[in-house]
Amino acid sequence: MAAALVYVEDPADELSQQAVVMAGALGDEVQAVAIDGAGGTAFAPAVLAQTLVELAAARGASAVVAPGSERGNEILARVAAKLDLPMAANCVSVTVGEPTTVTRVRWGGSLLEQAEVHGAPLLMTSAAHAVAAAPIAALETVPVTASTSELDRAVRVIEQIPTASAGVSLTDADVVVSGGRGVGSAEGFSIIEELAELLGGAVGCSRAVTSAGWRPHTDQVGQTGTKVSPEIYIACGISGATQHMAGCKGAKRLLAINPDGEASIFAGADYAVIGDLHEVVPAISAEIRKARAS
Ligand SMILES: Cc1cc2nc3c(=O)[nH]c(=O)nc-3n(C[C@H](O)[C@H](O)[C@H](O)COP(=O)(O)OP(=O)(O)OC[C@H]3O[C@@H](n4cnc5c(N)ncnc54)[C@H](O)[C@@H]3O)c2cc1C
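Residues numbered from 1 in each chain as written. Predicted model: local features only at pLDDT ≥ 70, side-chain atom pairs only at ≥ 80, totals over all residues.

S.K.: Describe the sheet that holds strand E4 (residues 88-95), with residues and values.
M.R.: Read from one edge to the other, the open sheet built from eight strands follows the order E6-E5-E4-E7-E3-E1-E2-E8, with strand pairing classed as mixed. Looking at which strands have only one partner, the edges of the open sheet turn out to be strand E6 (111-117) and strand E8 (139-143). Adjacent strand axes in the sheet meet at a mean angle of 40°, parallel and antiparallel pairs treated alike. Of the strands in this sheet, strand E1 (3-7), strand E2 (29-36), strand E3 (63-67) and E8 are in contact with helix H2 (residues 45-59), which crosses E1 at around 165°. (Pairing = 2+ DSSP bridges. Helix = DSSP H or I, 4+ residues; strand = E, 2+ residues; numbered from the N terminus. Axes fitted to C-alpha atoms, helices over the stretch in contact; angles between N-to-C directions. Contact = placed C-beta atoms within 7 Å.)

Right under this line is the structure:
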């Protein structure tokens, strides 16, 4: 019987467990494998991909499945490039057939796409929460393949630097005060930081801000940044691009401050202040101080 090979990043991690469960829907024997030697802190995606390619060939795998994490998607994209096959990322369901069809998450969760995936083996990653996680019953640990080259090791993690953020993290914060291009400069963020501090929250920003070098990428909220789910998200000088909203749509309430009443951020806002953030944000901070002093 053919086997569906599942790359397990971390057996304790829900995403890896979900990938194994989703592979069960393919109808073949599921072989969950962890790869010893080029994962974890020594992450080397080309080495892992080459190992999976050789393992899949040796076992005649009908599919290679990985968790839809950044690392899982990267490894499988490399497997696809090596095999010259298509790869379906972030799938929420799969139906085996001629051809196999998948439903997958696109645009940071804004839409679901149905796609046909041609070629064998089937290459796919499973989206978070697509299926319920379950402990992995049988996990095999395999070494990295000996045939990997120095070139395969050229891209690897060489150092991990803890984020230097003081106070509450973006993902855990109940309040996120986020600034966009409308803030105008790196120095302009002092009023955003001040409000975040008063509210015990974290500072976020849009990609326009990280691209300008005003804030580090670790502060970026959005499709290619952090996904946040605070009680309230205060968006200051942010237009509301789909890719930004993909990161803050988990917020329970959204307050937008923008002088352009037509800005699309207002379509998703619970509270709107049509005005200049350089006046509105310090005014909110001043009111909070006044209320606390009395
Ligand atoms: C593949 C891809 C991935 C992406 N991923 C992300 C992502 O993860 N996160 C992200 O944010 N973006 C992402 N983007 C970029 C995204 O499309 C937008 O370009 C970006 O979000 C715009 O940032 P912004 O709202 O700060 O800037 P702008 O769109 O330029 O908006 C600035 C806003 O500030 C307002 N403004 C100006 N002056 C003031 C003032 N004085 N007071 C108040 N408001 C003012 C303006 O009216 C305007 O609405 C991605 C794009 C692509 C193609």
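Alright, that's what it looks like, and here's the rest.
S.K.: How would you sum up the domain arrangement of the protein chain? Please name residues and give values.
M.R.: As assigned here, the protein chain comprises domain 1 (3-153) and domain 2 (175-293). Here domain 1 and domain 2 have C-alpha centroids that lie 36 Å from each other. Taken residue by residue, the interface counts four residues in domain 1 and four residues in domain 2. Of the residues that constitute the side of domain 1 that touches domain 2, the class distribution is one nonpolar, three polar and no charged. (Domains from an automatic or database assignment. Nonpolar A, V, L, I, M, F, W, Y, C, P; charged D, E, K, R; others polar.)

S.K.: Just give me the short version of the sheet that holds strand E9 (residues 175-179), but keep the residues and values in it.
M.R.: Strand order in the open sheet formed by five strands is E10-E9-E11-E12-E13, with parallel pairing between adjacent strands. Edge strands, defined here as strands with exactly one partner in the open sheet, are strand E10 (202-205) and strand E13 (271-273). Between one strand axis and the next, the sheet turns by 20° as a mean value, whatever way the strands run. Of the pairings in the sheet, the one linking E9 to E10 comprises four bridges and is parallel in character. Of the residues in E10, the one forming a bridge with Gly179 is Cys205. In this fold helix H4 (residues 190-198) packs onto E9, E10 and strand E11 (232-236), with an angle of close to 175° to the strand it touches most, E9.

S.K.: Tell me what's going on with the site of the ligand, and back it up with residues and numbers.
M.R.: Lining the immediate surroundings of the ligand are 27 residues, of which Gly180, Gly182, Arg207, Gly222 and Ser239 lie closest. Listing elements by their share of the shell around the ligand, those giving two or more residues are helix H5 (207-211), helix H6 (242-248) and helix H7 (277-293). Of the residues that constitute the shell around the ligand, the class distribution is eight nonpolar, 15 polar and four charged. (Near = placed C-beta within 6 Å.)

S.K.: With reference to specific residues and values, describe the pairing of strand E5 (residues 100-106).
M.R.: Pairing geometry for E4 and E5, over four bridges, is antiparallel. Residue pairing in the sheet places Cys91 in a bridge with Arg104 of E5. Taking the residues between adjacent antiparallel strands as the criterion, E4 and E5 are bridged by four residues. Both E5 and E6 contribute to a ladder of seven bridges, which runs antiparallel. Bridge pairing links Thr103 to Gln114 in E6.

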